[in-house]
Structures are given as structure tokens and as C-alpha cells.
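# Tertiary structure, described
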Amino acid sequence: MKSRYEAAKNVFVDSVDIDDYIDLDSSVTAFQQLQHSMDKPLKMILLFGRPGTGKSILLTRVQEKLKHQKEIHYFDTPAINEKEFFHKLFKVLTKKDLPSNTEVNFAALVDFCKKLRGKREIIILLDEAQMYSPEMMEKIRLLSDSRAVKFVVSLHKTEDEDLIAKQHFQSRIWEVIELKNATKEDQTAYIHKKLLKKNLFEIANSIKAKNIKRIHKYTKGNYRECNKLLFTIFEICEYYDKNEPSKVNYAKISDRIIEMAALKLGYIHV
Amino acid sequence: MYDIKQLEDQWKQYKKKKLKPWYIGTGILVVLTLLLIFFQTNLKINFDALKTYLDTSKEIQPLKNNDKSEDTVVLNKMEVKETVLLDDALEKLEVKDNIIEMAEKVVKGHDNILVDIPILDDTNEHHDEDEIETRKKVHIEIIDSTSVSGYKDVEKRFFESHDVDDALFLAKSYYKNGNYEKAEYWALETNKLDDGHEESLLIFVKSKVKLGHKNEALSILNSYVKQSDSQEAKKLLYRIENDKL
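Residues numbered from 1 in each chain as written. Chains lettered and ligands numbered in written order. Predicted model: local features only at pLDDT ≥ 70, side-chain atom pairs only at ≥ 80, totals over all residues.

### Focus on the overall build of chain B
Assigned secondary structure in chain B consists of 8 helices and 4 strands. In chain B, the order of α-helices and β-strands from amino to carboxyl end is α-β-β-β-α-β-α-α-α-α-α-α. Taken over 245 residues, chain B has a buried fraction of 24%. Within chain B, contacts between residues separated by at least 24 positions form 57% of all contacts whose residues are at least 6 apart in sequence. (Helix = DSSP H or I, 4+ residues; strand = E, 2+ residues; numbered from the N terminus. Buried ≥ 20, exposed ≤ 12 C-beta atoms within 10 Å, placed from the backbone. Contact = placed C-beta atoms within 7 Å.)

### A look at the overall build of chain A
The number of helices and strands found in chain A is 12 helices and 5 strands. Buried positions account for 35% of the 270 residues belonging to chain A. When contacts within chain A are restricted to residue pairs at least 6 apart in sequence, those whose partners lie at least 24 apart make up 82%.

### Quick notes on the nonpolar core
Residue and element names in this part refer to chain A. Formed by 34 residues in total, the largest nonpolar core has its most connected members in Leu47, Leu125, Leu126, Phe151, Val152 and Val153. Excluding anything up to four places from it in sequence, valine 152 contacts Met38, Ile45, Leu47, Leu59, Ile123, Leu125 and Leu126. Core analysis: the second largest hydrophobic core is formed by 32 residues, Ile203, Tyr223, Ile253 and Ala262 among them. (Core = buried A, V, L, I, M, F, W, Y, C linked by C-beta atoms within 7 Å.)

### Structural notes on the sheet that holds strand β1 (residues 44-49) of chain A
Residues and elements named next belong to chain A. One open sheet holds the 5 strands; their spatial order is β2-β3-β4-β1-β5, and the pairing between them is parallel. Looking along the sheet, the strands with just one partner apiece sit at the ends: β2 (71-75) and β5 (174-179). Each strand axis lies, on average, 15° off the axis of its neighbour in the sheet, ignoring direction. Examined bridge by bridge, β2 and strand β3 (residues 122-126) share 5 bridges and lie parallel to one another. Paired with phenylalanine 75 across the bridge in β3 is leucine 126. (Pairing = 2+ DSSP bridges. Axes fitted to C-alpha atoms, helices over the stretch in contact; angles between N-to-C directions.)

### A closer look at the interface of chain A and chain B
At the interface, 10 residues of chain A touch 8 residues of chain B. At the level of secondary structure, the elements contributing two or more residues to the side of chain A that touches chain B comprise α11 (223-243) and α12 (255-265) of chain A. Considering each element in turn, the side of chain A that touches chain B owes the most residues, 5 residues, to α12(A). When its residues are assigned to classes, the side of chain A that touches chain B shows 6 nonpolar, no polar and 4 charged. (Nonpolar A, V, L, I, M, F, W, Y, C, P; charged D, E, K, R; others polar.)

### Things to note about the pairing of β3(A)
All names here are of chain A. The pairing of β3 with strand β4 (residues 149-156) spans 5 bridges and is parallel. Across the sheet, residue leucine 126 finds its bridge partner in β4, namely valine 153. What joins β3 to β4 is helix α6 (residues 134-144), and the crossover it makes is right-handed. (Right-handed = clockwise from strand over helix to strand, strands pointing away.)

### Things to note about unusual backbone geometry
Residue and element names in this part refer to chain A. Look at asparagine 199: it is not a glycine, yet its phi comes out positive at around 60°. Checked against the element boundaries, asparagine 199 lands in the loop between α8 (184-197) and α9 (201-206). For lysine 220, which is not glycine, the phi torsion reads 55° and is therefore positive. For lysine 220, the location among the structural elements is in the loop between α10 (209-219) and α11.

### Some words on the packing of α10(A) against α12(A)
Residues and elements named next belong to chain A. Packing of α10 against α12 leaves a shortest axis separation of 10 Å and a crossing angle of 15°. One element, α10, and the other, α12, form an angle in the roughly parallel class. α10 and α12 meet at a crossing whose hand is right-handed. Facing Asn211, Arg214, Ile215 and Tyr218 of α10, the residues of α12 in contact are Asp255, Ile258 and Ala262. (Parallel < 35°, antiparallel > 145°, perpendicular 65-115°, else oblique. Left-handed = near helix turned anticlockwise from the far one by under 90°.)

### With respect to the confidence of the model for chain B
All names here are of chain B. Averaged over chain B, the pLDDT score is 71; the fraction of residues at 70 or greater is 56%. A low-confidence stretch, residues 63-129 stays under pLDDT 50, and its non-local contacts, those more than four residues away or across chains, total 124 contacts. In this model residues 131-145 is a low-confidence stretch, pLDDT under 50, and it forms 53 contacts with partners more than four residues away in sequence or in other chains. (pLDDT = per-residue confidence, 0-100.)

### Concerning the packing of helix α4 (residues 164-176) of chain B against helix α5 (residues 180-193) of chain B
Residues and elements named next belong to chain B. Taken N-terminus to C-terminus, the directions of α4 and α5 make an angle of 155°; their axes are 8 Å apart at the nearest point. With respect to α5, the axis of α4 lies roughly antiparallel. The crossing of α4 and α5 is left-handed. Contacts from Val164, Ala167, Leu168, Leu170, Ala171, Tyr174 and Tyr175 in α4 reach Tyr180, Lys182, Ala183, Trp186, Ala187, Glu189, Thr190 and Leu193 in α5. Residues that form the contact of α4 with α5 fall into these classes: 12 nonpolar, 1 polar and 2 charged.

Pasting the structure below:
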């Protein structure tokens with residue numbers, strides 16, 4: 001027999017799926033801010049925040065929403081090396097594949113971009129940009145100077161990455177958008193909306209304000225951590241529902257189960 | 001989810017650890033409460049002692065006032081002793097000489113002392129002997145019972161006044177302080193003045209026992225029991241016979 005918690009568990013599988021995007025006050029603000037920045041004559045836009053604050057899903061959302069209005073491309077995973085990155089970029093710019101045994105002449109690529117100025121406006125959404133080397137970032141900046149290619153660079157916010165940002169981009173014209181962890185209210189809306197999207201009304205209703213408080217305390221409002229915790233909570237509920245139904249309260253999620261999930265994920269320790 | 005049992009065990013451990021400070025806190029609270037109750041009880045005792053002291057002071061105060069009201073009386077010249085007479089415990093004592101000029105002289109107020117003084121009749125210059133014998137006793141000053149000079153003062157006064165109370169006081173005090181020879185002497189002195197005085201006889205007997213004259217003590221006490229049928233004496237007899245003194 002299928003447990004009612006199985007569907008709930010799957011709601012919180014961590015993925016960058018546009019169908020899973022939840023409109024929250026904070027995410028709507030960030031989206032509008034990014035869209036507004038892209039309309040400005042800026043060369044590069046920095047989107048940064050701690051891991052799990054929703055940078056990737058925001059970029060996906062932007063690409064999905066604006067793909068019919070703008071020439072917008074999303075580079076979700078960083079290229080293994082410079083050669084691969086420029087092959088990818090070459091294809092975006094020229095709409096042609098480069099033979100695998102050839103290399104892109106960077107100077108020729110910059111010239112090509114300069115010629116595109118005023119004709120095309122290409123937006124490249126560069127996720128996980130902290131993975132790129134400083135040299136590559138410098139070349140990206142030179143390409144953006146052509147004003148034909150605009151880069152939205154998404155960075156993890158750590159002390160080192162802040163340093164990279166300072167060293168390579170601070171002196172350029174930048175729009176900086178920071179994504180932060182969710183507030184308790186945002187997290188409540190996020191969890192409830194995600195469950196309601198899958199018609200799991202009863203389960204959404206079983207998560208009380210007290211539970212949210214505890215979840216927020218453990219995850220500090222981080223969406224990825226929230227997904228992980230909720231997934232584990234429903235995984236435990238699913239187990240009890242199938243094997244020991246007396247241990248699960250269908251009306252509300254017990255603190256015990258949340259603490260067990262937190263123990264499993266290492267938020268709390270024995 | 002295959003590790004649920006292990007997770008449950010971990011949770012139980014976590015819960016214990018989490019509740020530990022609460023248990024400790026509760027324990028500390030209980031201990032503090034008990035200590036508080038303990039100290040409050042002690043304080044109550046001290047308050048009781050203080051209350052007793054204050055009550056005694058209140059008793060003294062009106063007497064002092066009476067003394068003052070008599071200050072203007074002209075009396076015949078006589079000498080009286082001031083003494084402190086305390087409770088039966090006789091733990092503390094003050095003896096102080098006080099000369100009251102009783103002849104054609106104003107009697108000054110006394111300083112916090114229980115005084116044996118005659119009741120004065122300020123309306124009649126002729127004082128009857130009976131009136132003079134009526135006395136007041138006022139406590140005034142307290143010193144330690146080990147004060148040798150205190151006892152000497154009482155003894156000195158006794159030789160002048162031959163007061164039964166003084167003799168009994170000395171007998172009881174010396175007995176209490178373990179000076180059984182003197183206790184025996186003063187008990188005898190008391191008995192000489194009042195041969196029916198049971199308390200002095202009992203102190204005399206007890207002192208005899210303490211000095212090792214048990215047979216003599218028993219002989220005296222047996223005679224007294226036969227004569228008086230006193231319960232106190234019987235109790236003492238029982239205690240002496242059973243070496244429980």
C-alpha cells in the first residue's frame with residue numbers, strides 16, 4: 001500500500017526544476033530586480049548568496065520567462081576547462097558547432113562579439129561561476145566589454161568567493177543582487193505552497209507553526225536544507241505509516257520526528 | 001529508511017542530553033528552596049529570641065518610669081543592693097551595687113538594672129516596715145554567668161540581707177557551673193533560712209551525689225520523700241538510685 005507521505009517526500013526532492021518554482025515575496029522581488037538589471041546597459045550582473053538560497057532556480061526561472069523576449073542562454077554547469085567553455089560560447093554566439101579538434105581564437109571571438117554590437121543582445125546566465133578560474137573570468141569580462149554579450153554571473157557567497165568578486169569585478173560596472181535565506185514566514189509559505197501544488201492539503205495542514213519554527217531553526221531558512229529536512233521527515237513518516245502506524249500522528253508532525261530527521265542530517269548531535 | 005531503530009536510539013540519547021540541564025536546574029532549584037526554608041526557619045528562631053528580648057525590655061521600661069516618678073520622694077537613709085535576677089537557667093547575671101540615699105535625698109533614676117527597692121509611699125513620710133519589704137525586681141544589665149565578681153557581689157549582699165532568693169540563686173548557679181561544694185553550701189544556707197524549701201534541698205542532695213556522698217544523699221532524700229511525698233523528690237530519688245543524675 002502506498003503511504004500518503006511518499007508523495008510529500010517526493011515534493012522535497014532537491015532539484016532545479018522550473019515546475020518546482022514557488023513564488024514567494026522574496027523570490028518575486030529578486031526576479032524583478034534581476035529582470036530590471038538585465039534591461040540596463042550593464043555588462044555584467046553579479047548574483048550571489050549562500051548555497052541553497054535559490055540562485056539556480058532563479059536563473060532557470062529568468063531563462064524560462066524571458067526566452068521568448070530575449071536571446072538568453074543558461075550555462076547551468078561550469079565547463080570542465082577553458083576549451084570546452086569557449087566551444088559552448090562559440091556555439092551560442094555563432095549558432096554553429098566548432099569541430100572538436102579545433103580551438104577558439106579568443107581575440108577573434110572578441111572581434112566577432114564587437115561586430116554583433118547593436119545587432120544582437122545576448123544574455124549568458126553563468127551558474128556556479130565560482131568554479132571558473134580568475135583567468136577565465138577575466139576573458140569573460142573582456143567579452144562583456146564588447147557590449148554585445150551580457151553576463152549574469154551567479155556566485156556562492158563565501159569569504160573566498162567574496163574575495164574573487166572583489167579582485168576581478170569590483171572595479172567594473174556591476175549590478176549586485178544578493179539572495180538571502182528565507183525568513184520564517186517565507187519558509188512557511190514555501191513548504192505549504194510546495195505541498196499544496198501537489199494537492200497534499202492534509203499534510204500541509206499537519207505542519208504547524210511550532211514545527212516551522214523548529215524547521216527554520218535547524219535549516220536557518222536555507223531552501224536546500226529545508227528540502228533535505230522535509231524529505232527526511234516525510235521519509236520517517238512514511239516508514240512509520242507503513243510499519244508502525246501507532247507512532248505517527250496524522251494530525252500533526254511530532255517534534256520527535258523532526259528531531260530524528262535533524263539528527264540524521266547532522267543539524268543536531270547526540 | 002532502514003536505520004530507523006538506530007535513529008530512535010540516537011533520539012533517545014539526544015533527548016536525555018537535552019533534558020539534562022533541566023534536571024540539574026530543577027535539582028539546584030530544589031536545593032536552593034530547601035536552603036531558603038532552612039535559613040528562614042533559623043531566622044524565625046532569631047526573631048523569636050529578639051521578640052523575647054524586646055518584650056523584656058518593654059517590661060523594664062515602665063518600671064524605670066515608676067522609679068522616676070518616685071525620684072522626688074524623700075526617704076530615710078538606707079542602703080539597698082541592685083541585682084539582676086534572671087530566669088531559671090541562670091545563664092547570665094549582673095550584680096551591681098547601688099546606694100540609694102534614702103534620707104532626705106532625691107533618689108536618682110536607675111540605669112537598666114533590676115533593683116530590689118522598697119515601694120515608697122510618697123504621701124506618707126512614715127514608712128511601715130512591711131511596705132519597705134515589698135520589692136520590685138527589675139532586670140537591667142546582663143553579663144556572663146562565669147563572672148566571678150558577679151557571684152561575689154551576690155554573696156556579699158547575702159551576708160548583709162540574708163535573702164533566701166540570693167542564697168538559692170547562688171546554689172543553683174554554682175551547681176550549674178559544676179562547683180558542687182559551693183552549691184551544697186548555698187543550698188544549706190537557703191535551707192537554714194527556709195527549712196521547707198524543696199528546691200534548695202534537692203540541690204543540696206544533688207550536690208552531695210556529685211561530691212560522691214551518694215548514701216548520705218539517699219538517706220536525706222528518703223527522709224524528705226517520706227515526710228513530704230513530693231513528686232519532684234521521688235523523681236530525683238529514682239534518678240539517683242539508677243545513677244541517672
